[in-house]
Amino acid sequence: MTDLKIYSAQAKAKIAFEPIDANNVRMYVCGPTVYDFAHIGNARPAIVFDMMFRLLKHFYGDDHVTYVRNITDVDDKINARAKLEGRTIEQVTKDTTAQYHKDIDALGVLRPTVEPFATDHIPEMIEIIQSLIDKGNAYAAEGHVLFSVSSMPTYGDFSNRNIEDMLAGARVDVAAYKRDEMDFVLWKPSNEGIPAWDSPWGAGRPGWHIECSAMSKKHLGDTFDIHGGGLDLIFPHHQNEVAQSCCANGTTFMAKYWMHNEFLNVEGEKMSKSLGNFLTISDARKQYPAESLRLMMLMTHYRKTINWSKDAASEAIALLNKWHDKVENIGDVTEDDISADFIKALSDDLNTPKAISILHQLDGNQLKASAQFMGLLMESKASFTKFKPASAEIDEATILKLIATRQEAKRNKDWALADKIRDDLLAQSVLIKDGAEGANWEYKK
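Everything quoted here is computed from the prediction, not taken from an experiment. (Residues numbered from 1 in each chain as written. Predicted model: local features only at pLDDT ≥ 70, side-chain atom pairs only at ≥ 80, totals over all residues. Heavy atoms only, no water.)

1. A few points about the overall build of the chain
Piece 1. What the chain contains, in helices and strands, is 16 helices and 15 strands.
Piece 2. For 445 residues, the compact-globule estimate of 2.2 N^0.38 gives 22 Å, and the chain sits close to it at 24 Å.
Piece 3. With the C-alpha coordinates aligned to their principal axes, the bounding extent of the chain is approximately 70 × 65 × 35 Å.
Piece 4. Split into buried and exposed, the 445 residues of the chain put 50% on the buried side.
Piece 5. Considering only contacts in the chain between residues 6 or more positions apart, those separated by 24 or more positions represent 76%.
Piece 6. Across the chain, the 51 positively charged side chains and the 64 negatively charged ones have centroids separated by 3 Å. (Helix = DSSP H or I, 4+ residues; strand = E, 2+ residues; numbered from the N terminus. Rg over C-alpha atoms; globule rule 2.2 N^0.38 Å. Buried < 20%, exposed > 50% of the residue type's maximum accessible area, 1.4 Å probe, protein only. Contact = heavy atoms within 4.5 Å. Lys, Arg positive; Asp, Glu negative; His and termini not counted. Charge placed at Lys NZ, Arg CZ, Asp CG, Glu CD.)

2. Some remarks on the nonpolar core
Piece 1. L56, W308, W323, F342 and M374 are the most contacted members of the largest nonpolar core, which totals 71 residues.
Piece 2. Residue contributions to this core peak at 12 residues, all from helix α1 (residues 40–60).
Piece 3. Not counting chain neighbours up to four residues away, the residues in contact with L56 comprise L4, F17, V25, M27, G61, V65 and I226.
Piece 4. One finds V145, F158, W187 and F235 within the second-largest nonpolar core, a separate group that totals 40 residues. (Core = buried A, V, L, I, M, F, W, Y, C linked by side-chain atoms within 4.5 Å.)

3. Describing the packing of helix α11 (residues 340–347) against helix α12 (residues 352–359)
Piece 1. As a packed pair, α11 and α12 sit with axes 7 Å apart at the nearest point and diverge in direction by 165°. On the basis of their axis angle, the class for α11 and α12 is roughly antiparallel. In terms of crossing hand, the pair formed by α11 and α12 is right-handed. Contact residues: D341, F342, A345 and L346 in α11; T352, K354, A355, I358 and L359 in α12.
Piece 2. Residue composition of the contact of α11 with α12, grouped by class: six nonpolar, one polar and two charged. (Axes fitted to C-alpha atoms, helices over the stretch in contact; angles between N-to-C directions. Parallel < 35°, antiparallel > 145°, perpendicular 65-115°, else oblique. Left-handed = near helix turned anticlockwise from the far one by under 90°. Nonpolar A, V, L, I, M, F, W, Y, C, P; charged D, E, K, R; others polar.)

4. Structural notes on the packing of aromatic side chains
Piece 1. The final tally for this structure, using the stated rule, is nine aromatic pairs.
Piece 2. Here the aromatic rings of Y28 and F224 are separated by 6.4 Å at their centres, their planes lie at 50°, and the arrangement is tilted. Taken as a pair, Y28 in strand β3 (residues 25–29) and F224 in strand β9 (residues 224–230) lie far apart in primary sequence, 196 residues in all.
Piece 3. Residue classification places Y28 among the buried residues on the basis of a relative accessible area of 0%.
Piece 4. Its relative accessible area of 0% is what places F224 among the buried residues.
Piece 5. For the cation-ring pair, K57 lies above F53, with the distance from its terminal atom to the ring centre recorded as 4.6 Å.
Piece 6. The ring of Y7 is capped by R303, whose NZ or CZ atom sits 4.1 Å from the centre of that ring. (Phe/Tyr/Trp six-rings, centres within 6.5 Å; stacked < 30°, edge-to-face > 60°. Lys NZ or Arg CZ within 6 Å of the ring centre and 35° of its normal.)

5. A short note on the pairing of β9
Piece 1. Judged by how many residues are buried, β9 sits mostly within the fold: seven of seven residues are covered.
Piece 2. Sheet analysis places β3 next to β9, joined by three bridges and oriented parallel. What sits directly across from Y28, in β9, is H227.
Piece 3. As paired strands, β9 and strand β10 (residues 255–261) are joined by six bridges and run parallel to one another. What sits directly across from F224, in β10, is A255. (Pairing = 2+ DSSP bridges.)

6. Examining the pattern of salt bridges
Opposite charge on two side chains permits pairing when their charged atoms draw close.
Piece 1. Under the counting rule described, the total for this entry stands at 23 salt bridges.
Piece 2. Note that D348 is salt-bridged to K14, the shortest N-O span being 2.8 Å. Of the two residues, D348 is situated in the loop between α11 and α12 and K14 in strand β2 (residues 13–16); the sequence distance between them amounts to 334 residues.
Piece 3. Relative accessible area serves as the criterion here: at 41%, K14 is assigned to the partly exposed category.
Piece 4. For the salt bridge of K218 with E124, the shortest nitrogen-to-oxygen distance reads 3.2 Å. Here the residue K218 occupies a position in helix α6 (residues 208–220), and E124 occupies one in helix α4 (residues 122–134), the gap between them amounting to 94 residues.
Piece 5. By relative accessible area, K218 is classed as partly exposed at 46%.
Piece 6. Several salt bridges share partner residues, and in doing so they unite D36, R81, E85, R87 and D95 into one network. (Salt bridge = Lys/Arg side-chain N within 4 Å of Asp/Glu carboxyl O.)

7. So, α11
Piece 1. Those residues of α11 not exposed but buried are F342, I343, A345, L346 and S347.
Piece 2. In the core, the buried residues of α11 are packed alongside β1 (5–8), α1, α12 and α13 (364–373).
Piece 3. Looking at where α11 begins, the residue whose side-chain oxygen comes 3.2 Å from the main-chain nitrogen of D341 is S339. (Polar contact = N/O pair within 3.5 Å; in protein donor to acceptor, adjacent residues only side chain to side chain.)

8. A short note on the sheet that holds strand β4 (residues 65–69)
Hydrogen bonds between backbone atoms are what pair the strands of a sheet, whose relative direction is either parallel or antiparallel.
Piece 1. The parallel open sheet is built from four strands, whose spatial order is β4-β3-β9-β10. Where the open sheet ends on each side, the last strands, each with one partner, are β4 and β10. Averaged over all pairs of adjacent strands, the angle between strand axes in this sheet comes to 20°, irrespective of strand direction.

9. Topic: the sheet that holds strand β11 (residues 264–266)
Piece 1. Reading across the sheet, the three strands line up as β12-β11-β13 and stay open at both edges, with mixed pairing between neighbours. Among the strands making up the open sheet, the edge pair consists of β12 (269–270) and β13 (306–308).
Piece 2. In this structure, β11 lies alongside β13, joined through three bridges in parallel fashion. Considered in β13, the bridge of V266 is made with W308.

10. Some words on the environment of M299
Piece 1. You can see M299 is positioned in the loop between α9 (290–298) and β13.
Piece 2. Each C-alpha atom of the pair M299 and K354 lies 8.7 Å from the other, and the pair is 55 residues apart in sequence.
Piece 3. Ignoring anything within four residues of it in the chain, the contact list for M299 reads E315, A316, L319, P353 and I356.

In structure tokens form, the structure reads like this:
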């Protein structure tokens, strides 16, 4: 028994964490869909649940905690990106996965115990889908298989939504083959050039939701302790995971505790390519020390919206400089050196801001050990202070050449190329402004 408490959306309160099996504590977190470089918003769940992984291992031991974070490598966005860039789907997923690992490794995120790829679990998905059909919770129609929402009386309880809210949130496609507009896809046919696997319902590919049900079941079992992800996943993704997993497995719950991190804004605004404030982890790492990016994320509680700003970056860098000065001559430390008050703060629903406030009060071994538990102060002071931000600006001649190419693409109605050039320039802080007399540009800071 530990003092760990986790906020429960259902109970609307923090409740004591009691694992199903203390010798086998299990956590599943929705990982990236590997079609593009991860943005800084994607870094938040990676860091948040990395902290939970560290805390669970501290309490229950490395050998008694299993953390699964998946890779979604079959998705329509991946197919579209491959077609746009003239690359194979395998090239897109391989390169994007490698970049994701490079980025979050730099942020001090530990690798999970298991990192399953969706495409390695197609047989498990088919098995669950067939079970749902056999139990009357799903049906085949025109090469598709759909989950029958009306077959589950408690559907919607998990996400606390009524039918009207769910219809609005799901943006459902009311296809002719659906028995009910709320029914969602478990399996769908693939056109030529799109990944396809043989199944009892014809060659096709899985729907998004079934992937996580199959991967969590294989690696963690029918039920497990914690399921995590961003707040935006509660509906429809997590609601549908619960529905198909509980119906297929004959259980009353999928995960005992659900944790959802809030969103991230940039300089007070929602991150958006159209606003010119879209920032990938890769680009952020060129502007700020990776350690400061991690600290910036942890300075806000995971259930609160983060406001990413230059001021916050400066504050994080200043704090790390101060702490590096304090521990510069400290040797190796162990978990026994970690502050008890620091662990107590983290145990209160992962209260990282309070834990950081305690770091301010520490010195010597306690400071170094506690900060390192948080994934900070892992490099030397010399290494941290030698970081120099890269220039975000590209030369004007290159910008003008790309704008000319974009204008030509628009004349040829090659909208995909035009959009790609616009987005690539935005990623480098160059905002294109289209007008009646052509296009001009400015640096968007």
